[in-house]
Amino acid sequence: MQLDATDLKILQALQADGRISNLELADKVFLSPSSCLRRVRVLEEAGIISRYSAVLDAARLGLEVDAFVQVTMRRDVEQWHENFSQALQQWPEVVGSYIITGDANYLLRVRARNLKHYSSFVLERLYKTTGVLDIRSNIVLQVIKDTNDIAPELMAEGK
């Protein structure tokens, strides 16, 4: 789908405030409300807008530990990827999981109430999962940048 400047403005505005009314959005991007709504629907149907959500403050919810965990699997275990992927879906502590390049197979983002909770997760769930060979944890000390927003200059095709 080819995005024009108005589409980029719509996407940028929705990233900043997903609860903005169609009337406010239309005003912000200089469209009539019906044209604006039509464009938003097209962006949704194309899958460019995949969902709307609220951004929660993990620390205020009592989740003090944020960790990135590299997991290396044993390759001699049958269906190691399928089994591990299925286990990941059951763990609420895992808020992000990625297949990566390099020495490890996966990178997980894990949230926990405290170090005891994190340690319990690693020892009782992660290490006990069939096929796990090695785990390397990196505890976040300070967040410098954390966003899901995509900058408009990265959205434009052909640039």
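Refer to the preceding data block for the structure.
Residues numbered from 1 in each chain as written. Predicted model: local features only at pLDDT ≥ 70, side-chain atom pairs only at ≥ 80, totals over all residues. Heavy atoms only, no water.

**Student:** An account of the overall build of the chain is requested, with residue identities and associated values reported.
**Tutor:** Helices and strands together make up the secondary structure of the chain, namely six helices and four strands. Going from N to C terminus, the chain has its helices and strands arranged as α-α-α-β-α-β-β-α-β-α. Here the chain has a C-alpha radius of gyration of 20 Å; the compact-globule value for 159 residues is 15 Å, and the former is much larger. The principal-axis extents of the C-alpha atoms in the chain amount to approximately 55 × 35 × 25 Å. A buried classification covers 32% of the 159 residues belonging to the chain. Sequence separation of at least 24 residues holds for 66% of the intrachain contacts in the chain that already meet a minimum separation of 6. Summed over all atoms, the accessible surface of the chain reaches about 11300 Å², with 49% contributed by carbon and sulfur. (Helix = DSSP H or I, 4+ residues; strand = E, 2+ residues; numbered from the N terminus. Rg over C-alpha atoms; globule rule 2.2 N^0.38 Å. Buried < 20%, exposed > 50% of the residue type's maximum accessible area, 1.4 Å probe, protein only. Contact = heavy atoms within 4.5 Å. Areas by Shrake-Rupley, 256 points an atom, 1.4 Å probe, with all protein chains shown as cover.)

**Student:** I'd like a description of the pairing of strand E3 (residues 106-112), backed by residues and values.
**Tutor:** Across the seven residues of E3, five count as buried, placing the element largely inside the fold. Relative to E3, strand E1 (residues 65-73) runs antiparallel, the two sharing seven bridges. If you follow Asp-66 over to E3, its bridge partner there is Arg-111. Here five bridges tie strand E2 (residues 94-99) to E3, and the two strands are oriented antiparallel to one another. (Pairing = 2+ DSSP bridges.)

**Student:** Describe in detail helix H5 (residues 115-126), supporting the description with residues and values.
**Tutor:** For H5, the full list of buried residues reads His-117, Tyr-118, Phe-121, Val-122 and Leu-126. Looking down the long axis of H5, one finds its buried residues gathered within 135 degrees of arc, a one-sided arrangement. For H5, the capping residue at the N-terminal end is Asn-114, with a side-chain oxygen 3.2 Å from the backbone nitrogen of Lys-116. (Arc of directions from axis to C-beta. Polar contact = N/O pair within 3.5 Å; in protein donor to acceptor, adjacent residues only side chain to side chain.)

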